[in-house]
Amino acid sequence: MTISKENKDFIDSLIDYYISESESYTQIAENFVPEIESVPDTAFGIITGCVYSGFLQAYQNQQQTPSLEDMKEFNQIIKDRAALIKKAILDPPKAEPVKQESEEKLEETDLEKNFD
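This write-up is about the structure you can find in this document. (Residues numbered from 1 in each chain as written. Predicted model: local features only at pLDDT ≥ 70, side-chain atom pairs only at ≥ 80, totals over all residues. Heavy atoms only, no water.)

Bringing the nonpolar core into the picture now. Counting residues in hydrophobic clusters, the biggest one holds 21 residues, and the most contacted among them are Ile3, Ile11, Ile15, Ile47, Val51, Phe55 and Phe74. Contributing elements (two or more residues each) for this core: α1 (5–20), α2 (22–30), α3 (39–61) and α4 (68–90). The contacts of isoleucine 47, once residues within four sequence positions are left out, are Tyr18, Ser22, Tyr25, Ile85 and Ile89. (Core = buried A, V, L, I, M, F, W, Y, C linked by side-chain atoms within 4.5 Å. Buried < 20%, exposed > 50% of the residue type's maximum accessible area, 1.4 Å probe, protein only. Helix = DSSP H or I, 4+ residues; strand = E, 2+ residues; numbered from the N terminus. Contact = heavy atoms within 4.5 Å.)

What follows is the structure, encoded as structure tokens:
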């Protein structure tokens, strides 16, 4: 048995989520200094552990148990995305400023006035 497309998509979405929240997991890891030697490695471990937990929970929710092949495939998915996870930890993604809906409406109103 291999990981279903639905579960692969779920794993990918988990990884994407944890990448987007990497700063939070770095902050968690920083709480363990000086007990840990590497904040980035600890944050990486926390993130991959959370993804692994989500992977297992998905199987449990489907009343299934991952096979050895599923586990190998999961590990390969993590390995394939490891560089992106590590990059997000070392250089967190910047949140793009979101325009407020009222600002957009104001701009639309101003544009409409210019065409009247």
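A word on the environment of valine 51. On the secondary structure map, valine 51 appears in helix α3. Its relative accessible area of 0% is what places valine 51 among the buried residues. The residues touching valine 51, leaving out its near neighbours within four places in the chain, are Ile11, Leu14, Ile15, Tyr18, Phe74 and Ile78.

So, on to the packing of aromatic side chains. On inspection of all chains with the given rule, the structure shows 6 aromatic pairs. Summarising the aromatic geometry, the rings of tyrosine 52 and phenylalanine 74 are spaced 5.7 Å apart at their centres and angled 55 degrees between planes, so their arrangement reads as tilted. One end of the pair, tyrosine 52, is in helix α3; the other, phenylalanine 74, is in helix α4, with 22 residues separating them in the sequence. With a relative accessible area of 3%, phenylalanine 74 lands in the buried category. Relative to phenylalanine 74, the ring of phenylalanine 55 has its centre 4.4 Å away and its plane inclined at 20 degrees; by these criteria the two rings are stacked. Placement of phenylalanine 55 in helix α3 and of phenylalanine 74 in helix α4 is noted, with a sequence separation of 19 residues between them. Members of the aromatic cluster, joined through ring pairs, are Tyr52, Phe55, Tyr59 and Phe74. Taking the ring centre of phenylalanine 44 as reference, the NZ or CZ of lysine 86 above it sits at 5.9 Å. (Phe/Tyr/Trp six-rings, centres within 6.5 Å; stacked < 30°, edge-to-face > 60°. Lys NZ or Arg CZ within 6 Å of the ring centre and 35° of its normal.)

This brings us to α3. If you check α3, its first and last C-alpha atoms are 33 Å apart, about what 23 residues at 1.5 Å a residue would give, namely 33 Å. Buried residues in α3 make contact with α1, α2 and α4. Measuring from the side-chain oxygen of the N-cap residue of α3 to the backbone nitrogen of aspartate 41 gives 3.1 Å; that N-cap residue is serine 38. Phi turns positive, to about 55 degrees, at glutamine 63, one or two residues after α3. (Expected span 1.5 Å × (residues − 1). Polar contact = N/O pair within 3.5 Å; in protein donor to acceptor, adjacent residues only side chain to side chain.)

Look at α4: 32 Å from first C-alpha to last across 23 residues, which is about the 33 Å you get at 1.5 Å a residue. A bend of about 50 degrees at arginine 81 is the largest found in α4. Considered for burial, the residues of α4 that qualify are Asp70, Met71, Glu73, Phe74, Ile77, Ile78, Arg81, Ile85, Ala88 and Ile89. Where the residues of α4 are buried, they touch α1, α2 and α3. (Bend = angle between axes of the 7 residues up to and from the residue.)

Taken N-terminus to C-terminus, the directions of α3 and α4 make an angle of 145 degrees; their axes are 10 Å apart at the nearest point. Considering only the axes of α3 and α4, their crossing is right-handed. Contacts between α3 and α4 involve Pro40, Asp41, Ala43, Phe44, Ile47, Thr48, Val51, Tyr52, Phe55 and Tyr59 on the former and, on the latter, Asp70, Met71, Phe74, Ile78, Ala82, Ile85, Lys86, Ile89 and Leu90. For the contact of α3 with α4, the per-class residue count stands at 15 nonpolar, 1 polar and 3 charged. (Axes fitted to C-alpha atoms, helices over the stretch in contact; angles between N-to-C directions. Left-handed = near helix turned anticlockwise from the far one by under 90°. Nonpolar A, V, L, I, M, F, W, Y, C, P; charged D, E, K, R; others polar.)

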